[in-house]
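Summary of structural features
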Amino acid sequence: MVAISEIRGQLATVQNLGPGLVAVFVGGTSGIGLSTARQFTRHATSPHIYLIGRNEAQASEIISELRTINKSATVDFIKRDISLLKNVDIACQEIIKKESKVNLLFLSAGILTTQGRTETPEGLDRKLSLHYYARMRFITNLLPSLTHSASSGHLSRVISVFSPGNEGKLIENDLDLKQNYSLSNAAAHGSTMTSLAMMHFAAAHPSISFVHSRPGGVNTNLLRDFNPILRGLTSGILAMVTPVCSSMGLLSVKESGERHVFAATSGLFAPREERVETVGADGVKGSGAYRVDYDSEIVEGKGELLREYLGRGVGEKVWEHTRGVFEKVVGNQ
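To keep things clear, this report deals only with the structure shown in the data block. (Residues numbered from 1 in each chain as written. Predicted model: local features only at pLDDT ≥ 70, side-chain atom pairs only at ≥ 80, totals over all residues. Heavy atoms only, no water.)

Going through the model one piece at a time under the given rule, you end up with 15 salt bridges. When the shortest N-O distance is used, the salt bridge between D89 and R137 registers 2.8 Å. Linking D89 in helix α4 (residues 85-98) with R137 in helix α5 (residues 126-151), this pair joins segments that are 48 residues apart in sequence. Put simply, E172 and R312 hold a salt bridge, and the shortest N to O gap is 2.8 Å. With E172 in the loop between β5 (157-161) and α6 (183-204) and R312 in the loop between α9 (303-311) and α10 (314-330), the pair connects residues that are 140 residues apart, well separated along the chain. (Salt bridge = Lys/Arg side-chain N within 4 Å of Asp/Glu carboxyl O. Helix = DSSP H or I, 4+ residues; strand = E, 2+ residues; numbered from the N terminus.)

Backbone hydrogen bonds are what pair the strands of a sheet, in a parallel or an antiparallel way. Reading across the sheet, the seven strands line up as β3-β2-β1-β4-β5-β6-β9 and stay open at both edges, with parallel pairing between neighbours. With one partner strand each, in any of the chains shown, β3 (74-79) and β9 (289-292) form the two edges of the open sheet. Pairwise comparison of adjacent strand axes, ignoring direction, gives a mean angle of 15° for this sheet. In the packing of α5 onto the sheet, contacts are made with β1 (22-26), β2 (48-53), β4 (104-107), β5 and β6 (209-213), and the angle to β4 comes to roughly 175°. (Pairing = 2+ DSSP bridges. Axes fitted to C-alpha atoms, helices over the stretch in contact; angles between N-to-C directions. Contact = heavy atoms within 4.5 Å.)

To continue, consider helix α8 (residues 253-265). One turn of an α-helix holds 3.6 residues; hence residues three or four places apart share an orientation. Under the 1.5 Å per step criterion, the end-to-end length of α8 is 19 Å for 13 residues, consistent within 8% with the ideal 18 Å. Where burial is concerned, most of α8 is hidden: 11 out of the 13 residues are buried. Three or more residues of α8 are buried, namely E255, S256, G257, E258, R259, H260, V261, F262, A263, A264 and T265. (Expected span 1.5 Å × (residues − 1). Buried < 20%, exposed > 50% of the residue type's maximum accessible area, 1.4 Å probe, protein only.)

Below, the structure written as structure tokens:
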């Protein structure tokens, strides 16, 4: 485990990355996304923060808070339900109109639900859309902005907060789980496809870092879709055990935010072209894709499965499937 004292020491150096960093937080109005936005705003110099979410009233309060934390910060809110890919495109267009570069794309929007397959109007399972398809669409749309940042020698990084180390077997002829949906299959597909997609992006864009992060147990509002009794019981248990169980993967929201800013800015997770002699998270020398655990260490579990999939070309198959979904839903890639 990377000690929290070391994490906080690193955060003090974020200002050295220069003024005017542009950070996009998808799911930044609650939970880990909000906590990370707070810490990033606190330590960056004159950052431009974009928060993307659904709750405008909550966002207004957050904007005031972030401006109080750092009076030099600029904070904008984009109201969109990003379970719909068409809304992802609209949100990205708003950012691109205003910014020529993006330094950090932080993806944490998601749900924890006991419901089965629930399709969006676009025909995708809402859980898979939030945890995978919408996130990959954000990355695809903002790649030129991330590349522009990298080409000028500045920070350029993507973090998707989900579940590395919990990858599982893919149903390769049913990647979107139209025929074989279950909560366990959805979790395995979301995690495995995320790790493979991050490796695909890192290989194609060696000047950008791509991080798949496992947050551990953090008391957030992901439980909002549980019934009230179960939600209250689970939240109460988390509140009691979190302060004393960080060694078990349970962190406070504040510490999770600090650790995610560390993952977003530390040279330990530099892009591929800056780490030629480093063995990356997928076991390939010089990889710019990382699977990072709640304790800020590299995730080792399921590496063999991912290497098998890479060797068999499953990563390419997953990305072709993803491009096909984009083509079907929004009419372009």
